[in-house]
Amino acid sequence: MRAATANPLWEVRLLGILAAVFSVFGVAAVYGASSLWAIGDGHEGTYFLWKQLVGVLLGVVVLLVAARIDYRVWRRLAWPLLLVTGLVLLVLVLPFTHAIAPEQNGARRWLDIGTRLQPSEFAKFAVAAWTAMLAAKKGEQIRQFKKGLLPFLVVLVPIAGLVVIEPDLSTGAILLLIAGTILFVAGAKIGHFLVLGLIGIPVLWQQITSVQYRLARMVGFLSSGGDGVEASWQIQQSLVGIGSGRLFGVGFGEGMHKMGYVQYAYSDFIFSTIGEEWGFLGVLVILALFGLFLLLGFRIARRASDPFGMYLATGLTVMVGLAVVLNIGVTLGVVPTTGINLPFLSYGRSALLVTFLSTGVLINVARHGGARRSGGR
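Residues numbered from 1 in each chain as written. Predicted model: local features only at pLDDT ≥ 70, side-chain atom pairs only at ≥ 80, totals over all residues. Heavy atoms only, no water.

S.K.: Let's hear about the environment of Phe248: which residues, and what values?
M.R.: If you trace the backbone, Phe248 turns up in the loop between α11 (233–244) and α12 (270–302). Each C-alpha atom, one on Phe248 and one on Gly333, is 22 Å from the other, the two residues being 85 residues apart in sequence. If near-sequence neighbours (up to four positions away) are discounted, Phe248 is found in contact with Glu277, Trp278, Gly279 and Leu281. (Helix = DSSP H or I, 4+ residues; strand = E, 2+ residues; numbered from the N terminus. Contact = heavy atoms within 4.5 Å.)

S.K.: Give me the lowdown on the side chain of Ser358, citing residues and values where you can.
M.R.: Looking at the secondary structure, you find Ser358 in helix α14 (residues 349–367). Ignoring sequence-local partners within four residues, the contact set of Ser358 consists of Phe125, Leu316 and Met319.

S.K.: Account for the packing of aromatic side chains, with residues named and values stated.
M.R.: According to the stated counting rule, one finds 16 aromatic pairs in the structure shown. Their ring planes at 10 degrees and their centres at 5.2 Å tell us that Phe22 and Phe344 sit as a pair that is stacked. Taken together, the positions of Phe22 in helix α2 (residues 9–40) and Phe344 in the loop between α13 (307–331) and α14 put the pair 322 residues apart, joining distant regions of the chain. For Phe22, a relative accessible area of 0% puts it in the buried group. For Phe344, a relative accessible area of 2% corresponds to the buried category. (Phe/Tyr/Trp six-rings, centres within 6.5 Å; stacked < 30°, edge-to-face > 60°. Buried < 20%, exposed > 50% of the residue type's maximum accessible area, 1.4 Å probe, protein only.)

S.K.: I'd like a rundown of the nonpolar core, residues and numbers included.
M.R.: Of all hydrophobic cores here, the largest spans 93 residues; its most connected members are Tyr311, Leu345 and Val361. Once residues lying within four places of it in the same chain are set aside, the contact partners of Leu345 are Phe22, Phe25, Gly26, Val30, Gln52, Ile270, Ile274, Ile286 and Phe290. Core analysis: the next-biggest nonpolar cluster, separate from the first, contains five residues, Val93, Ala101, Leu111 and Leu117 among them. (Core = buried A, V, L, I, M, F, W, Y, C linked by side-chain atoms within 4.5 Å.)

S.K.: Any chance you could break down the packing of α2 against α14 for me, citing the residues and the numbers?
M.R.: Contact geometry for α2 and α14: axes closest at 9 Å, N-to-C directions at 165 degrees. As judged from the angle between their axes, α2 and α14 are roughly antiparallel. Between α2 and α14 the crossing geometry is left-handed. Here α2 contributes Glu11, Val12, Leu15, Gly16, Ala19 and Ser23 to the contact with α14, which in turn contributes Phe356, Thr359, Leu362, Ile363, Ala366 and Arg367. Considered class by class, the residues forming the contact of α2 with α14 number seven nonpolar, three polar and two charged. (Axes fitted to C-alpha atoms, helices over the stretch in contact; angles between N-to-C directions. Parallel < 35°, antiparallel > 145°, perpendicular 65-115°, else oblique. Left-handed = near helix turned anticlockwise from the far one by under 90°. Nonpolar A, V, L, I, M, F, W, Y, C, P; charged D, E, K, R; others polar.)

S.K.: Explain the environment of Ile208 to me, using residue names and the numbers behind them.
M.R.: Positionally, Ile208 belongs in helix α9 (residues 190–209). For Ile208, a relative accessible area of 10% puts it in the buried group. Once the C-alpha coordinates of Ile208 and Ala128 are considered, the two residues, 80 residues apart in sequence, prove to be 26 Å apart. Setting aside chain neighbours within four positions, we find Ile208 in contact with Leu169, Arg214, Leu215 and Met218.

S.K.: Outline the pattern of salt bridges, supporting the account with residue identities and numerical values.
M.R.: Scanning all chains against the criterion turns up three salt bridges. Between Glu11 and Arg299 there is a salt bridge whose closest N-O contact spans 2.2 Å. Here the residue Glu11 occupies a position in helix α2, and Arg299 occupies one in helix α12, the gap between them amounting to 288 residues. Classification of Arg299 by relative accessible area gives partly exposed; the value is 30%. In this structure, Asp70 and Arg72 form a salt bridge, with 3.0 Å as the shortest nitrogen-oxygen distance. We classify Arg72 as partly exposed; its relative accessible area is 30%. (Salt bridge = Lys/Arg side-chain N within 4 Å of Asp/Glu carboxyl O.)

S.K.: A description of the packing of helix α8 (residues 169–186) against α13 should follow, citing residues and the corresponding values.
M.R.: At a minimum axis separation of 9 Å, α8 and α13 run at an interaxial angle of 140 degrees. Classified by the angle their axes make, α8 and α13 are oblique. Where α8 crosses over α13, the two elements pack in a sense that is right-handed. Residue-level contacts link Ile174, Leu177, Ile178, Thr181, Ile182, Val185 and Ala186 of α8 to Met310, Tyr311, Thr314, Gly315, Val318, Met319, Leu322 and Leu326 of α13.

S.K.: Residues and numbers for the confidence of the model for the protein, please.
M.R.: Mean pLDDT over the protein: 86, with 91% of residues reaching 70 or higher. Of all the helices and strands in the protein, helix α1 (residues 2–5) carries the lowest mean pLDDT, 43, while helix α4 (residues 73–76) carries the highest, 97. Under a pLDDT of 50 for its full length, residues 371–377 has, in the predicted model, 25 contacts with residues more than four places off or in other chains. (pLDDT = per-residue confidence, 0-100.)

Here it is, written out as structure tokens:
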């Protein structure tokens, strides 16, 4: 039992090392992919580099603070966090708030309050903390629909709906998937999820077909990159860029597909840029590091000292894992285009801060790790 309750210092150190490696590589990757875009927009070549560097420095501070705060604090803050993100920040980006929520590319996802803030990214953390808190509180009741899943649906579906209105269907779906995974680990019945899935599929399809750009993305995806489908152009060029990197890549900053062939090469499609400039070996290293991060996250969840710690660590690990799978899946053409950032590596300070925050919380859960006392599967 002593070995089971000993502080896993190696897990803490390894998570810190991974965060540091991702941060350094991410800053370099963003600079390599964005310098020409910045110049084309009338900025200095280092415009996105400095913004990303500021985000990383702030993220490191957030990680260090979160790693020292007892993770059980988030249990007490779960309701305030959800109310602030769900009933305040997400409402502020609705269409009637033009002054502080400017439209960009047909969507209102950011608050402009001196700096750009994306509330839906912070909502991911809030949903994970709130779902973990309530799941731990309900215990065996989670297996019932009326007292178990229904209260979660009443709260979480409207929050996901606010994100979908922005519009951001993929992030809204991710919020529900994070919560669903936590509830499954907590003991919710598979049959309940199957019923909800059958209800959700037509709703999801309606959301896809009712918005032109979503339908175009789906058609482009289903066409397997066929010629003549405008929406598949990004995927075709992404695959060409990754393939042109071959084994060792064309060299840092030497990629050609970021020069107008692939839009948002420094954010949504940064994995394509990495594949072209760092080659197959570079891609393998990135995948291995993300795999190690997720393995550590689930190990920390399994060893958490209480159900809340287990559920919270599970939710935060799934949050990162979903972003990795969806971002890389888009660049490889195996899932429809979603606009989800690659954790640590893509340009985007809100997502970056939330990823650092989640890593810090995982480190704190690991420090308190031990044999679970109760709850869970």
